[in-house]
Amino acid sequence: MKIKEWILHRVPFDIQRTSQVMERIFLKEPIPKHMKNWYYALGATPLILFIFQVITGIMLALYFIPSQQMAYESVRFITEEVRMGFWIRGLHRWASSLMVIAICLHMVRVFFTRAYRKPREINWILGILMLIITLGMCFTGYSLLYNQLSYWATTVGTNMINEIPLVGSIILNLLRGGEEVTNNTLTRFYNLHIGFFPTLLLIFIIIHILLIRLHGVAKLEGREDEESYSFYPEHFYHTLVVTLFLLTFISALTVILPPGLGEPADPNVTPSHIKPEWYFFSVYTILKILPLKLGIYLLIAVVLISTFWPFIEDILRKKWPKVNLYYWVGSITIVLFLAFTVYEIIVS
Amino acid sequence: MAENNSLQTQRLIVGVFSFLLLVVLIIVAAVEMKRTREDKPVIEISGINNRCVDCHTNKGIAVKSIDQWKEGIHAVQNIGCYDCHKANEGEFDAFYCPESDVLVARHPTPKDCAECHKQQVDEFAASKHAHQFWLIKNTDRSIFEFPLATRHGCEQCHQISNVWPDQSVGECDACHAKHTFSKAVARQPETCGECHIGPDHPHIEIYLESKHGNIFRANEKKWDMNYSTKDNKPIPIEAPTCATCHIDGNEAQPMTHNVSDRLAWETQSPWSFRTVWNKETSGNWEMKRSRMESICKSCHAPDFVNSYLLTADLNMLQYNEIRRMFVSWTKKLTANGTISRLELNGRFYSDPVLSGWDEVPEVLMYNAWHHEGRRFRHGAIMMGADFTQWHGIWDLQKDMVDLFSWAAERGDPEAKAWVNSKNPAKFVPYALYDFPGNAFGINPLSNLQPFVYTNFPDYWDRIYANVKTAYEKKLLSENQWNLWLKRFNNRDHYLGYKYNADSVFNFYKSLDDIDTKAFTEQAVELKLPGKPFWPSSPSSPSKK
Amino acid sequence: MELEEKPKLKTRRQFLINLLMGGGLLASAALLVRHGIAFIFPKAEPPISRKLLIGRVGELKVGEAKEFQIGDRDLYFVNTADDYKVFSSICTHLGCKVRWEAHRNRFYCSCHQGVFGNDGKVLEGPPPRALDEFKVQVDNNLVYMWIEEKRRGML
């Protein structure tokens, strides 16, 4: 094994220990029996979708041109003329929506099983941060299309950032690369979408999974003594099936409901209906109903409470030990979110 | 084992899902293959045309014509505004575009089109579309219709034969509407129908009544009218439009913009006559007729074509006989002073054989050629049965009756004799042509009825003599005469006399008798009790 | 004597299921890879050509040249002794615009004194090859040139 020796001489790591650790982490990791339920595959789903996005995103970046003149045209080129272009683009588009849904479902699962409780609070915070970054990626990604809807959604969306107290206008200038939405905006969004955000997200994902592996998967409350099974081969098969299913489902969606192109962006013509993507509907509605400043403050408060929820809950639990606070908070949040989303769909 | 089982199930599930994925990926690939990519050519606007487009777009002047131009075939080949609208100093329509130094022509004429389309312009100029015949007798017409009325009337249609100051003739965009100059629009029957319409030449109406027009209407949405029949390409559509017979080519002959090339009759004129237009280049009428027949025979059997056209030709000749009668009367009435010509300073403004607007015989004679006479002829030769019959011969005969009645009222002895005559043959005071049977089939019943058949034993001898004379005068071709002879010598077959359908006729007659009985009982014999209101005077409107 | 380990027996069912799984995974992976490669390698499409009208026969005398534009391209339309030709006006040396000198019957590039004959071939100077030529077609009395169809936007 001349080659092996050659490598080990230049990259000196302990091959015995490394393979042992690898095996423990990846293959033999005990997973509590409750995870056999498909509900618990919801953590892997966003990861799988993220990998889809990275791969399809890199492929799309082979043809996309981030300039005001060519952005729309290059997307049209991909959709209409590149072989399998419409499929890769459809995958990327649909996977982004599904990723948001998967993350939300995962959050709901984690929240309602109180897996964020001590000692896993940091993981929860990381999760919230990852959610925000993902939404940021969705927002920036959609703007790259540079059709009427994306141009105006970008304008309106970044306008709202202005309302954030203290740092609002600085962030606005940073994002837009100037006072108005210009060519700079497009290039900055492109940078965020393919550079800064994915890297940040990847780092967070690694830390997130690392923490899970280090802590072990959280056991259900009241079932601390349950059995566990090893990751490979069962959970692995679960994951494989999820991957295959997602790929099939998204490809089918691409064929049945292909993503459209819309009208190329025209800064002189404001369309009568400007709407963000569906996952922003609830935020959009709230900001339409409430006075803008109040709405922004409210949203910031919601973000802060969500981020530090494990600690907040701890404090509140000490006050009212009998109340299942998380149950109420979670349910009300979900109901409100759905209500505002549906409201926006129906009203427009 | 249980573990193995569940693992097995897992593997099974993986296998199933991977096949599902395979299927979907195949579907994706299929969708990809099926997509048709339409390559719209990029229109490049170069040089001075850029200035035209920019200025017109900025000022919002006639901007749709730019869009129209982009749709047409000139734009793709880099033929732009200035190529047609260029002008030289001193030309009749040259002017500077406002706020610019560009000298443009307001009216591109056929001379401009001829720079690239010389053949079509020359062909057009050789046709009667370029003939200003309407001006030859226009002075007489102009006393009846003042100029303003003709601007959007006569002049609009006859613009097609406009003579321009630069000596070119015609108006190409009369059919090839600008700025697309689309072939499909030019082929649309309604394009011809913009002018070939109305009581004096209802061509679009005749066409739409005909089977050709009917099939066209049923299928027009499916047909792409943008085809080419240059280079002896076959006719691609199932039923003809105006352009198919009069302009387009087929395997046997090229297309031509000379519509007179295929017309063997002059049928709009006061007298029908065989065409001699451009004999040197287009040949005699038989040559022209053979060109038309070649198109007919793309679809129709030769026997049908020949029989139909011969019958129509005899109708053309028959009209002449009817006209002969009208003309002799107006001449006579003018000669004996019953009617008079309009005159000023020694020049006449009406003509006893052509036009006259103020006296009934003149009007009747005019209508008998310009309106009902044309309708009769055009309906006969272009398959518009209603126009041959009710708007044709029926109106013609009525005109004749009106003429005789008017003359009789004013004391003309011949007319009075006609009015007082009880002889049913009085409605045929002219020589007749006839054709044994028709082109459509054999009818054992219809030829038993006609008055002239049953009351004149020498009828067919007279007809024979007339048709023979027409042939000898070269008004019918030898093939036509032979066809007529064949029909004549087999009258018993073609007129259906050989065959007996009496029993069938009696069946329908018995049903008709029932109808007769019904309307007699229901209507004729109905006596209402309520009295009419006249002649008795109304009762006083008092008590009750 | 030690009992030999029984070889792990697989039932036919297990074998079939393994085959299904393996085959399915392999096939779908292969098709995935095929689609990906089709995406990554752009199709080499043959260029479509289009005919443009540029002038009339007799418009130019023998040896005469006319400059004209197609879109943003500057071109020369020349009547050589044999036939009509259309050349690009871009010098093949370093891209300057050549000028037609009628009195000398040649194209002259003033940047580095390159000279092309009226047939586009290099006569003097640093240009490495003849002027770019476009296909010309004469139909009746009209002269056309063929250009490659511009693909919308990209390329």
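For the structure itself, consult the block above.
In this report, we go over the structure that sits alongside the text. Worth saying up front: this structure is predicted, and the values here are computed from it rather than measured. (Residues numbered from 1 in each chain as written. Chains lettered and ligands numbered in written order. Predicted model: local features only at pLDDT ≥ 70, side-chain atom pairs only at ≥ 80, totals over all residues. Heavy atoms only, no water.)

### Details of the overall build of chain C
Right, so step 1: Within chain C one finds one helix and 11 strands.
Right, so step 2: Order of helices (α) and strands (β) in chain C, N terminus to C terminus: α-β-β-β-β-β-β-β-β-β-β-β.
Right, so step 3: Against the globule reference of 15 Å for 155 residues, chain C gives a C-alpha radius of gyration of 32 Å, more extended than a compact globule.
Right, so step 4: Along the longest, intermediate and shortest principal axes, the C-alpha atoms of chain C span 110 × 40 × 25 Å.
Right, so step 5: Looking at the 155 residues of chain C, the share that counts as buried comes to 37%.
Right, so step 6: When contacts within chain C are restricted to residue pairs at least 6 apart in sequence, those whose partners lie at least 24 apart make up 45%.
Right, so step 7: Here chain C displays about 9,800 Å² of accessible surface, and carbon together with sulfur accounts for 56% of that area.
Right, so step 8: The average position of the 24 basic charges and that of the 19 acidic charges among the side chains of chain C differ by 7 Å. (Helix = DSSP H or I, 4+ residues; strand = E, 2+ residues; numbered from the N terminus. Rg over C-alpha atoms; globule rule 2.2 N^0.38 Å. Buried < 20%, exposed > 50% of the residue type's maximum accessible area, 1.4 Å probe, protein only. Contact = heavy atoms within 4.5 Å. Areas by Shrake-Rupley, 256 points an atom, 1.4 Å probe, with all protein chains shown as cover. Lys, Arg positive; Asp, Glu negative; His and termini not counted. Charge placed at Lys NZ, Arg CZ, Asp CG, Glu CD.)

### Description of the overall build of chain B
Right, so step 1: Helix and strand counts for chain B stand at 27 helices and six strands.
Right, so step 2: The C-alpha radius of gyration computed for chain B amounts to 33 Å, which surpasses the reference 24 Å derived for 544 residues by more than 25%, pointing to a less compact arrangement than a globule.
Right, so step 3: The C-alpha extent of chain B, read off along each of the three principal axes, is 115 × 90 × 85 Å.
Right, so step 4: With 544 residues in all, chain B has 39% of them scored as buried.
Right, so step 5: Considering only contacts in chain B between residues 6 or more positions apart, those separated by 24 or more positions represent 61%.
Right, so step 6: Surface accessibility of chain B: about 30,800 Å² in total, with carbon and sulfur atoms responsible for 58%.
Right, so step 7: For chain B, the separation between the mean place of its 61 positive charges and that of its 68 negative charges on side chains is 4 Å.

### Some points on the state of the cysteines
Each disulfide consists of a covalent bond between the sulfur atoms of two cysteine residues.
Right, so step 1: Here the structure, examined in full by the defined rule, presents one disulfide over all chains.
Right, so step 2: A sulfur-sulfur separation of 2.0 Å characterises the disulfide bridge that pairs Cys96(C) with Cys111(C). Here the S-S torsion is close to -100°, and the disulfide linking Cys96(C) with Cys111(C) is therefore left-handed. Note that Cys96(C) is positioned in the loop between β4 (84-88) and β5 (99-101) and Cys111(C) in the loop between β6 (106-109) and β7 (114-117), a separation of 15 residues in sequence.
Right, so step 3: Overall, Cys111(C) belongs to the partly exposed group, its relative accessible area being 35%.
Right, so step 4: Its sulfur unpaired, Cys84(B) is 6.5 Å from the next cysteine sulfur, which belongs to Cys113(B).
Right, so step 5: Here Cys195(B) is not disulfide-linked; the sulfur of Cys157(B) is the nearest cysteine sulfur, at 3.0 Å. (Disulfide = S-S within 2.5 Å.)

### Examining the interface of chain B and chain C
Accessible area lost upon the coming together of the parts is a frequently used measure of interface size.
Right, so step 1: Taken together, the contact between chain B and chain C spans 29 residues of the former and 34 residues of the latter.
Right, so step 2: For the pair chain B and chain C, the summed buried area comes to about 2,800 Å², and 61% of that belongs to carbon and sulfur atoms.
Right, so step 3: Remark: the boundary between chain B and chain C carries one salt bridge.
Right, so step 4: The closest approach of N and O atoms between Arg56(C) and Glu115(B), which form a salt bridge, is 3.1 Å.
Right, so step 5: Connecting chain B to chain C are five residue pairs in polar contact (both at pLDDT 80 or more).
Right, so step 6: Looking at the side of chain B that touches chain C, the elements that each hand over two or more residues are α1 (2-34) and α6 (110-125) of chain B.
Right, so step 7: For the side of chain B that touches chain C, the leading source of residues is α1(B), giving 14 residues. (Buried area = accessible area lost by both parts, 1.4 Å probe. Salt bridge = Lys/Arg side-chain N within 4 Å of Asp/Glu carboxyl O. Polar contact = N/O pair within 3.5 Å; in protein donor to acceptor, adjacent residues only side chain to side chain.)

### Re the environment of Ser228(B)
Residues and elements named next belong to chain B.
Right, so step 1: On the secondary structure map, Ser228 appears in the loop between α14 (211-219) and α15 (242-246).
Right, so step 2: Residue classification places Ser228 among the partly exposed positions, given a relative accessible area of 27%.
Right, so step 3: In sequence terms Ser228 and Leu354 are 126 residues apart; their C-alpha atoms lie 42 Å from each other.
Right, so step 4: A polar side-chain atom of Ser228 sits 3.2 Å from the main-chain amide nitrogen of Lys230.

### Concerning helix α24 (residues 459-472) of chain B
All names here are of chain B.
Right, so step 1: Spanning 14 residues, α24 covers 20 Å between terminal C-alpha atoms, matching the ideal 20 Å at 1.5 Å per step.
Right, so step 2: When we look at burial in α24, the residues that qualify are Tyr459, Trp460, Ile463, Val467 and Ala470. When α24 is viewed along its axis, its buried side chains cluster within an angular range of 85° and face the same direction.
Right, so step 3: If you follow the buried residues of α24, they end up packed against α18 (302-335), α23 (451-455), α25 (478-489) and α26 (491-494).
Right, so step 4: One or two steps after α24, the chain reaches Lys474, where phi turns positive at roughly 65°. (Expected span 1.5 Å × (residues − 1). Arc of directions from axis to C-beta.)

### Describing the interface of chain B and chain A
Right, so step 1: Taken residue by residue, the interface counts 20 residues in chain B and 22 residues in chain A.
Right, so step 2: Both faces considered, chain B and chain A share a buried interface measuring about 1,800 Å² in area, 73% of it formed by carbon and sulfur atoms.
Right, so step 3: At the junction of chain B with chain A, the criterion picks out zero salt bridges.
Right, so step 4: Class assignment of the residues belonging to the side of chain B that touches chain A gives a composition of 12 nonpolar, three polar and five charged. (Nonpolar A, V, L, I, M, F, W, Y, C, P; charged D, E, K, R; others polar.)

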